[in-house]
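Topology and contacts: notes
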Amino acid sequence: MWMTPWGYSYTPPPLADFDEQMVMNVRVTEAIKSVRGTQYAFGPISTVIYQASGSTTDWTYGDQGILYACTTELSGTFTSPPSIIGETVPEVYAGYLEYCKVVAEHQ
């Protein structure tokens, strides 16, 4: 999962920010998918998993003003076996490379 603000609320961030975050989400998850076909769910934490207050993503965006704040949960389950690490790392690496490109384009 690739998640962005907000976790504490079902109300999305201001539209301009939300749109930029969703563009980033799509680009990152498409890069992940290109490695071996794994589709990561994406969007605000509160809609992807559940409402959760106190997330670093919410603090980073809301308090520090970092537009592309995000949280990643790897494919599999929360307690996936070590055997999937070799499969997961290349796809997440591709996602973070794309994430860095998005951030660099907006500096």
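Being a predicted model, the structure only gives us computed values, none of them experimental.

Given a rise of 1.5 Å per residue, 21 residues ought to cover 30 Å, and the 30 Å separating the end C-alpha atoms of helix 4 (residues 85-105) matches this to within 8%. Turning to helix 4, its buried residues number three or more, namely T88, E91, V92, A94, G95, E98, Y99 and V102. Buried residues along helix 4 cover an arc of 150 degrees about the axis, so they all sit on one side. Opposite the packed face of helix 4, turned more than 90 degrees from it, sit the exposed residues G86, Y93 and A104.

Going through the model one piece at a time under the given rule, you end up with five aromatic pairs. With a centroid separation of 5.0 Å and 65 degrees between ring planes, the pair formed by W6 and Y61 is classed as edge-to-face. Linking W6 in the loop between strand 1 (2-4) and helix 1 (15-36) with Y61 in helix 3 (residues 56-62), this pair joins segments that are 55 residues apart in sequence. The pair W6 / Y61 is uniform in exposure class, with both members buried. Here a set of aromatic residues connected by ring pairs shows up, and it is made of W2, Y96 and Y99.

Our focus in this paragraph is the nonpolar core. W2, M24, V28, I32, Y40, Y68, V92, Y99 and V102 form the largest nonpolar core, which has nine residues in total. Looking at this core, the elements that each hand over two or more residues are helix 1 and helix 4. Each residue touching Y99, except ones within four places of it in the same chain, is listed here: W2, M24, V28, Y68 and C70.

Along the chain, the position of T57 falls in helix 3. Classification of T57 as buried rests on a relative accessible area of 2%. Excluding its chain neighbours within four sequence positions, the residues that come into contact with T57 are M3, T4, P5, I45, A69, C70 and T71.

Let's shift gears to a nonpolar patch on the surface. Together, I85, V89, Y93 and L97 give the surface a local cluster of nonpolar side chains, amounting to about 400 Å² of exposed area. If you trace the backbone, I85 turns up in helix 4.

Counted at 1.5 Å a residue, the expected span for helix 1 with its 22 residues is 32 Å, and the 32 Å between its end C-alpha atoms agrees. In the core, the buried residues of helix 1 are packed alongside strand 1, strand 2 (42-44), helix 3 and helix 4. A positive phi of about 90 degrees marks G37, the residue just after helix 1.

Calculation criteria
- Residues numbered from 1 in each chain as written.
- Predicted model: local features only at pLDDT ≥ 70, side-chain atom pairs only at ≥ 80, totals over all residues.
- Heavy atoms only, no water.
- Helix = DSSP H or I, 4+ residues; strand = E, 2+ residues; numbered from the N terminus.
- Expected span 1.5 Å × (residues − 1).
- Buried < 20%, exposed > 50% of the residue type's maximum accessible area, 1.4 Å probe, protein only.
- Arc of directions from axis to C-beta.
- Phe/Tyr/Trp six-rings, centres within 6.5 Å; stacked < 30°, edge-to-face > 60°.
- Core = buried A, V, L, I, M, F, W, Y, C linked by side-chain atoms within 4.5 Å.
- Contact = heavy atoms within 4.5 Å.
- Patch = residues over 30% accessible without salt bridge, like charges linked within 9 Å, V, L, I, M, F, W, Y side chains within 5 Å.
- Areas by Shrake-Rupley, 256 points an atom, 1.4 Å probe, with all protein chains shown as cover.
- Salt bridge = Lys/Arg side-chain N within 4 Å of Asp/Glu carboxyl O.

Without other data, these values stay purely geometric and don't point to any function.
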